[in-house]
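Overview (structure and organization)
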Amino acid sequence: MPVLAVDETLARWGDLKDIPWTGILVGNGASCAVWRGFRYRSLYDQSCSAEMTARLTAEAIRIFEALETHNFELVLSALKTTSLVIQALGQNPATVDGLYLVIQTALVEAVKSVHIPWANIPEDNLRSIKQALLPYEFVYSTNYDLILYWSIMLDGPSGFTDYFFAPRFDLGNTEIWVKATKVLFLHGGLHLYRELSGETIKRKAQPFQTLLDLFGTPLVPPAVPLFISEGSSRDKLNSIYRSDYLSFAYSQFAKHRGPLVVFGQSLSAEFDGHLIDAIRKSEAKILAI
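Residues numbered from 1 in each chain as written. Predicted model: local features only at pLDDT ≥ 70, side-chain atom pairs only at ≥ 80, totals over all residues. Heavy atoms only, no water.

1. Concerning the overall build of the chain
A tally of helices and strands in the chain yields 11 helices and 9 strands. By the compact-globule yardstick of 19 Å for 289 residues, the chain fits well, its C-alpha radius of gyration being 20 Å. For the chain, the proportion of its 289 residues judged to be buried stands at 49%. Here the analysis covers contacts within the chain between residues at least 6 apart in sequence; of these, 71% occur between residues at least 24 apart. Of the accessible surface of the chain, which amounts to about 15000 Å², a share of 56% is contributed by carbon and sulfur atoms. Each charge class in the chain can be summarised by its mean position, and for the 26 positive and 30 negative side chains these summaries are 2 Å apart. (Helix = DSSP H or I, 4+ residues; strand = E, 2+ residues; numbered from the N terminus. Rg over C-alpha atoms; globule rule 2.2 N^0.38 Å. Buried < 20%, exposed > 50% of the residue type's maximum accessible area, 1.4 Å probe, protein only. Contact = heavy atoms within 4.5 Å. Areas by Shrake-Rupley, 256 points an atom, 1.4 Å probe, with all protein chains shown as cover. Lys, Arg positive; Asp, Glu negative; His and termini not counted. Charge placed at Lys NZ, Arg CZ, Asp CG, Glu CD.)

2. A closer look at the sheet that holds strand β6 (residues 200-202)
Across the sheet, which stays open at both edges, the 3 strands sit in the order β6-β5-β7 with antiparallel pairing between neighbours. The sheet is open, and its two edges are formed by β6 and β7 (223-227), each paired on a single side. On average, adjacent strands in this sheet sit at an angle of 45° to one another, irrespective of strand direction. In this structure, strand β5 (residues 188-195) lies alongside β6, joined through 3 bridges in antiparallel fashion. Its bridge partner being in β6, Leu 192 is matched across the sheet by Lys 202. Strands β5 and β7 of the sheet are contacted by helix α5 (residues 94-114), whose axis makes an angle of about 40° with β7. (Pairing = 2+ DSSP bridges. Axes fitted to C-alpha atoms, helices over the stretch in contact; angles between N-to-C directions.)

3. A short note on the nonpolar core
Among the nonpolar cores identified, the biggest contains 83 residues, and Ile 103, Tyr 245 and Phe 253 are the most heavily contacted of them. Here Ile 103 is in contact with Leu 56, Ala 60, Phe 64, Phe 72, Val 75, Leu 76 and Leu 79, once residues within four sequence places are set aside. (Core = buried A, V, L, I, M, F, W, Y, C linked by side-chain atoms within 4.5 Å.)

4. A word on the pairing of strand β4 (residues 181-185)
Burial within β4 is extensive, with 5 of its 5 residues counted as buried. Residues Thr 181, Val 183 and Phe 185 point to one face of β4 and Lys 182 and Leu 184 to the other, with burial holding for every one of them. By the bridge criterion, 4 bridges tie strand β2 (residues 138-141) to β4 in an arrangement that is parallel. What sits directly across from Phe 138, in β4, is Lys 182. Where strand β3 (residues 160-161) meets β4, 2 bridges bridge the pair, whose relative direction is parallel. If you follow Thr 161 over to β4, its bridge partner there is Lys 182.

5. Some thoughts on the side chain of Asp 162
Here Asp 162 lies in the loop between β3 and β4. For Asp 162, the side chain forms a polar contact with the main-chain nitrogen of Phe 164, separated by 3.0 Å. Within the structure, the side chain of Asp 162 is placed 2.8 Å from the side chain of Lys 202, a separation counted as a polar contact. (Polar contact = N/O pair within 3.5 Å; in protein donor to acceptor, adjacent residues only side chain to side chain.)

6. A few points about the sheet that holds strand β1 (residues 23-26)
Strand order in the open sheet formed by 6 strands is β3-β4-β2-β1-β8-β9, with parallel pairing between adjacent strands. The sheet is open, and its two borders are formed by β3 and β9 (287-288), each paired with just one other strand. Where strand β8 (residues 260-263) meets β9, 2 bridges bridge the pair, whose relative direction is parallel. Bridging across to β9, Leu 260 finds its partner in Leu 287.

7. Examining the packing of aromatic side chains
For the coordinates displayed, the defined rule picks out 15 aromatic pairs. Between the aromatic rings of Phe 138 and Tyr 140, the centroid separation amounts to 5.7 Å while the plane-to-plane angle is 0°, which identifies the pairing as stacked. The pair Phe 138 / Tyr 140 is uniform in exposure class, with both members buried. Note on Tyr 149 and Phe 185: the rings are 6.3 Å apart at their centroids and 65° apart in plane angle, and the pair reads as edge-to-face. Note that Tyr 149 is positioned in helix α7 (residues 147-153) and Phe 185 in strand β4, a separation of 36 residues in sequence. For the pair shown, Tyr 149 and Phe 185 are each scored as buried. Pairwise contacts between aromatic rings join Tyr 163, Phe 164, Phe 169, Tyr 245 and Phe 248 into one cluster. Lys 80 extends its terminal NZ or CZ atom over the ring of Tyr 100, reaching a point 4.4 Å from the ring centre. (Phe/Tyr/Trp six-rings, centres within 6.5 Å; stacked < 30°, edge-to-face > 60°. Lys NZ or Arg CZ within 6 Å of the ring centre and 35° of its normal.)

As structure tokens, then:
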């Protein structure tokens, strides 16, 4: 293994090929390399924009303000719980259900307005991403878009595992006995949904419908999209701890062993402090950023 001095010299990636990299943390910069539309722009701001057909109403905005958040998953989950409570009291939940539909519709339109369709991505690009990730033991992604997931699923998920051995994530079944690259979505994804119980399910594409087509459409039992789109590091960590899957993924990242590559992730203290803390707790003593 080469010994590199810590100075102003920037090592070339080719010079580091002999280091046994065991994991890679993939951030939004990687998605932007595929589609410039993924550059950070708040989904909340997008949903309030006059250019959107289905934008947030004044009443919906007041819900976000009352909960002091821009996190759609948190607001939708709160409204669903409120609706159930109102029904249990024998009252009409129509107003709450209407707000839920307004917010969900605005979220779906905002996400779809910035996300590149499956058909617009050359398969060679997805295949190149898949081959680049395959050598790692662990792939950690903070992106909620579908680029990475579409890549590992291209031509079948051979060589990869995402801990979903059934549609529902099982915290009691997380042992991997076969050699495979383990993929964890630290901030959720458009293919993941959280049920009211807190359990996480993974949605799959259907004939003639991609995951992007299905995003936001109703599920039985009810479930809300599971992804963290923005907010401070503290807010992100609070959302992580509300989810069985995200809590598991974060704990695995904090226990990572071996040299780690950080690609397209800014690691700013304000927005990524929880990731910085996890890296410090891990045994990843060698980093390539």
